[in-house]
Amino acid sequence: MLSSHSKLYRRVSPDVQEHLLAVTTRLRGLVTDQRELRRITERIEASQWLSRAEWEALQLETMRALALDAGRRVPYYRELFGRLGIDPTRWQCLADLAEIPVLTKHEVIAEGERMVAEGGPWLRFKGSTSGTTGQAMAGWRDRASIAFEQAFIDRQSRWAGFHKGERRAWLRGDPVVPPNQSGGKLWRMNRADNTLMLSSYHLTPSNGAGYIEALEQFDPVMIQAYPSSVGYLARWLEEHDRNYRGKSLRGIVTSSETLRAEERRIIVERFGCQVFDWYGAFERVAAIGTCEHGHHHVMEDYGCVEFEPNGDGTSNLIATGFGNRLMPFLRYRADDRVVLADPDFACPCGRSFRVVERVLGRVDDAIRTPDGRHVVMLDWIFSGLFGLVEAQVVQERLDEVVIRIVAGTEFSQRDEHALLLRARERLGQQVIIRIERVAEIPRTRNGKFRQIVSRLSGSEEVNV
């Protein structure tokens, strides 16, 4: 109600908006189970230094407890375990987890409320994601699961040299500035957590200097950003033969998009600090973070991750997160792919967590707008539209975008109107937006689904 996505936020002055951002942060702090957050923080500060044998034993013990609880309280698992004769108390090693069939997104959507534990806390929170397909999937959290997630995000920030209370900058998907604003102050100050929140929706060649100046004046210790957003500013610096002049920046933490090697190079070169890439998922089944030596570690104390080879040097993630007993996903197949490092590689940081050479995630194009913006991460416009089966955004011309949708029986004209309004807010008034209902959405030659396809540069031919 008070967040930057709300109608109230859009209608008030910038000063009131900053007040609302601070209030929202304080409310989020109340929602998070602070006692649980402190407990998990203390525990994972120690567990990051476990030997491989120790964290494998921890995973087996945690998986047994999680599965036993799910088998008692979650209708889907209670029926599944009974039908297949699965008894977690018999598990002797992690390989025994294969008794549980792999869970897919389509099954979660089909099972609905049967995936939620009975007798859970009365205070719970519902979210949704469209993932890579545009099809909305609901997810439930309680205060303890929110604290669990926050503890690991905070640990990644500490790996990047940041400590709570220090200055940080935020350049992600929050619409902190009205979409129709083209100039002026394109950021807001959140004083509740000492954060400069910059709009990722207003990055244009003419605004680049203002963004860099705001960052340099605020001088954050850490920047948290979409790779495409901070990459845009790094390229602006490169084009103007400049380097970032802030004195305090220790690290940039990127997440939610695939960080490409060339983009990382430019960011490091122009901002003069290390990039710490973080992989997480709405389903909260796996987390991969970057250590001080620049290597991607699987957070073995966050969840149990299996790697399913694709035969092309990449692997799918099949994972179980340990933090959400209200809606547990056991052996869930995530959308994203990774390239594994040599299994004998020992990271100089001293952590024994497995190392991933690259997180591939998904590879999408960007939408270009007439005012010079590059728009990625359109998941939000599909969020909560549960009658939507699939969706894809296609750009044929600079001033026109087509949203292809496969609509289910529950997808109404009201939902279509909401989708159009969200797309208009994200892409601006200069872009013609058409919604086209189709029977199916084509995949690439090797069967991959791409949520954004731009044909301005022939990029639809890329085979990824």
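Owing to the predicted nature of the structure, the values given are computational and were not obtained by experimental measurement. (Residues numbered from 1 in each chain as written. Predicted model: local features only at pLDDT ≥ 70, side-chain atom pairs only at ≥ 80, totals over all residues. Heavy atoms only, no water.)

**Some details on the packing of helix H8 (residues 208–218) against helix H9 (residues 227–239)**
With their axes 10 Å apart at the nearest point, H8 and H9 run at an angle of 105 degrees to one another. Here H8 lies roughly perpendicular to H9, going by the angle between them. In this structure, H8 contributes Gly208, Ala209, Tyr211, Ile212 and Leu215 to the contact, and H9 contributes Leu233, Trp236 and Leu237. Taken together, the residues that form the contact of H8 with H9 break down as seven nonpolar, one polar and no charged. (Axes fitted to C-alpha atoms, helices over the stretch in contact; angles between N-to-C directions. Helix = DSSP H or I, 4+ residues; strand = E, 2+ residues; numbered from the N terminus. Parallel < 35°, antiparallel > 145°, perpendicular 65-115°, else oblique. Contact = heavy atoms within 4.5 Å. Nonpolar A, V, L, I, M, F, W, Y, C, P; charged D, E, K, R; others polar.)

**A short note on the pairing of strand S4 (residues 187–190)**
Of the two faces of S4, the one holding Trp187 and Met189 and the one holding Arg188 and Asn190 are both buried throughout. Taken together, the four bridges between S4 and strand S5 (residues 195–198) define a ladder with antiparallel strand orientation. What sits directly across from Trp187, in S5, is Leu198. Two successive antiparallel strands, S4 and S5, enclose a turn made up of four residues, where Asn194 displays a positive phi of approximately 55 degrees. (Buried < 20%, exposed > 50% of the residue type's maximum accessible area, 1.4 Å probe, protein only. Pairing = 2+ DSSP bridges.)

**Remarks on the state of the cysteines**
Scanning the entire structure with this criterion turns up zero disulfides. Left unpaired, Cys347 is separated from the closest cysteine sulfur, that of Cys349, by 3.5 Å. (Disulfide = S-S within 2.5 Å.)

**As for the side chain of Ser145**
Within the element layout of this structure, Ser145 appears in helix H7 (residues 143–159). We classify Ser145 as buried; its relative accessible area is 5%. Here Ser145 is in contact with Gly323 and Asn324, once residues within four sequence places are set aside.

**Things to note about the pattern of salt bridges**
What the rule picks out here adds up to 32 salt bridges. With its nearest N and O atoms 2.6 Å apart, the salt bridge here joins Glu36 to Arg39. You can see Glu36 and its partner Arg39 sitting in helix H3 (residues 34–47), three residues apart, about one turn around the helix. For Arg39, a relative accessible area of 43% puts it in the partly exposed group. (Salt bridge = Lys/Arg side-chain N within 4 Å of Asp/Glu carboxyl O.)

**Quick notes on the environment of Lys247**
Inspection of the secondary structure puts Lys247 in the loop between H9 and strand S7 (251–255). Take Lys247: its relative accessible area is 77%, and that puts it in the exposed class. Sequence separation of Lys247 and Glu216 is 31 residues, and the distance between their C-alpha atoms is 8.1 Å.

**Here's the deal with the sheet that holds S4**
Taken in spatial order, the six strands make up an open sheet running S4-S5-S3-S6-S7-S8, and their pairing is mixed. Strand pairing shows two members of the sheet lacking a second neighbour, S4 and strand S8 (274–278), which therefore form its edges. Between one strand axis and the next, the sheet turns by 20 degrees as a mean value, whatever way the strands run. Across three bridges, strand S3 (residues 168–171) lies against S5 in parallel orientation. The residue of S5 that forms the bridge with Arg168 is Thr195. Contacting S3, S4, S5 and strand S6 (222–225), H8 runs over the sheet at an angle of about 175 degrees to S5.

**So, the confidence of the model for the chain**
This prediction gives the chain a mean pLDDT of 89; 94% of its residues lie at or above 70. Counted against residues more than four places away or in other chains, residues 458–464, with its pLDDT under 50, gives 17 contacts. (pLDDT = per-residue confidence, 0-100.)

**Quick look at the packing of aromatic side chains**
Taken as a whole, this structure holds eight aromatic pairs when the rule is applied. Arranged with centres 4.9 Å apart and planes meeting at 45 degrees, the rings of Phe148 and Phe152 form a pair that is tilted. Of the two residues, Phe148 and Phe152 both sit in helix H7, four residues apart, roughly one turn of that helix. Like Phe152, Phe148 is buried. Consider the rings of Phe148 and Tyr302, whose centres lie 5.4 Å apart with planes at 50 degrees: the pair is tilted. One end of the pair, Phe148, is in helix H7; the other, Tyr302, is in the loop between strand S10 (296–298) and strand S11 (303–309), and 154 residues separate them in sequence. The exposure class assigned to Phe148 is buried, which follows from its relative accessible area of 6%. (Phe/Tyr/Trp six-rings, centres within 6.5 Å; stacked < 30°, edge-to-face > 60°.)

**Regarding the sheet that holds strand S19 (residues 432–437)**
Taken in spatial order, the four strands line up as S19-S18-S17-S20 in an open sheet, and their pairing is mixed. Edge positions in the sheet fall to S19 and strand S20 (452–454), since each has one partner strand and no second. Looking at each pair of strands side by side, their axes are set apart by 20 degrees on average, direction ignored. Strand direction decides the pairing type here: strand S17 (residues 388–397) and S20, joined by three bridges, are parallel. Within S20, the residue paired with Val393 across the bridge is Ile452. Most of the contacts of helix H11 (residues 413–427) go to S19, to which it runs at about 145 degrees, and overall it touches strand S18 (400–407) and S19.

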